[in-house]
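Structural overview
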Amino acid sequence: MILGLGITASASAATTNFDDSPAASKAAGTLLVNGSEKSFASFIGQKANRITRQPEWQTYMAVVSMYNQNPVSVLSLSAAERDEFLKASSKVTGQLAKLTDATATQWLAQATNTVRILTYFWTVSADQPQLPDNE
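Presented here is a report on the structure given in the accompanying data block. Everything numeric in this text was worked out from a predicted model, so none of it was measured.

The rules behind the values
- Residues numbered from 1 in each chain as written.
- Predicted model: local features only at pLDDT ≥ 70, side-chain atom pairs only at ≥ 80, totals over all residues.
- Heavy atoms only, no water.
- Helix = DSSP H or I, 4+ residues; strand = E, 2+ residues; numbered from the N terminus.
- Buried < 20%, exposed > 50% of the residue type's maximum accessible area, 1.4 Å probe, protein only.
- Contact = heavy atoms within 4.5 Å.
- Axes fitted to C-alpha atoms, helices over the stretch in contact; angles between N-to-C directions.
- Parallel < 35°, antiparallel > 145°, perpendicular 65-115°, else oblique.
- Left-handed = near helix turned anticlockwise from the far one by under 90°.
- Nonpolar A, V, L, I, M, F, W, Y, C, P; charged D, E, K, R; others polar.
- Expected span 1.5 Å × (residues − 1).
- Arc of directions from axis to C-beta.
- Salt bridge = Lys/Arg side-chain N within 4 Å of Asp/Glu carboxyl O.

Describing the overall build of the protein chain
Along the protein chain, the regular secondary structure elements total 5 helices and 0 strands. What you see in the protein chain, going N to C, is helices and strands ordered as α-α-α-α-α. Within the protein chain, the proportion of its 135 residues that are buried is 29%. Pairs at least 24 apart in sequence give 72% of the contacts found in the protein chain among residues at least 6 apart.

Now the structure itself:
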């Protein structure tokens with residue numbers, strides 16, 4: 001029985017997962033993920049309320065929420081929807097950059113990193129060959 005446990009332990013050690021994705025080197029708090037988008041929306045509502053009435057805000061938050069609910073779902077966005085999100089994110093981060101407090105600076109970094117990750121996913125998915133549906 002002890003021998004069996006030793007083999008199981010060594011087999012587990014041999015199958016170590018290595019995550020080399022861009023998000024792996026960042027703490028979870030550096031992206032607008034895992035529900036932090038709700039805190040972000042609350043902060044924006046308090047500090048930059050004017051942007052929340054803009055269609056760009058709705059576009060931005062819709063994509064971030066989509067990513068948080070099911071990360072793969074953002075890959076199904078069309079090129080036009082992706083461009084719309086990038087334009088919206090530019091406007092949102094521009095408004096954040098105008099705020100001078102430390103909290104705004106942290107949210108700006110998280111928003112920027114989130115856009116970078118999504119852009120990375122879209123770039124990588126575009127580089128992958130697509131298999132026909134019958135394979």
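Focus on the packing of helix α3 (residues 55-69) against helix α4 (residues 79-98)
Relative orientation and spacing of two packed helices are given, respectively, by the angle between their axes and the distance between those axes. Packing of α3 against α4 leaves a shortest axis separation of 8 Å and a crossing angle of 110°. In terms of orientation, α3 and α4 fall into the roughly perpendicular class. Of the two possible hands of crossing, α3 and α4 adopt the one that is left-handed. Across the interface between the two elements, E56, W57, T59, Y60, V63 and V64 of α3 pack against E84, F85, A88, S89, K91 and V92 of α4. Of the residues belonging to the contact of α3 with α4, the class tally is 7 nonpolar, 2 polar and 3 charged.

Observations concerning helix α2 (residues 36-47)
The end-to-end C-alpha distance of α2 is 16 Å, a good match for the 16 Å that 12 residues give at a rise of 1.5 Å each. For α2, the set of buried residues is S36, E37, F40, F43 and I44. Axial view of α2: buried residues confined to an arc of 115°, hence all on one face. Of the exposed residues in α2, the ones pointing more than 90 degrees away from its buried face are K38 and Q46.

Quick notes on the pattern of salt bridges
Under the counting rule described, the total for this entry stands at 2 salt bridges. A salt bridge links E37 to K38; the shortest N-O distance between them is 3.5 Å. Taking the shortest distance from any N to any O, the salt bridge between D101 and K47 comes out at 3.8 Å. Of this pair, D101 sits in the loop between α4 and α5 (102-127) while K47 is found in helix α2, placing the two residues 54 residues apart along the sequence. Residue D101 is classed as partly exposed on the basis of its relative accessible area, which comes to 28%.

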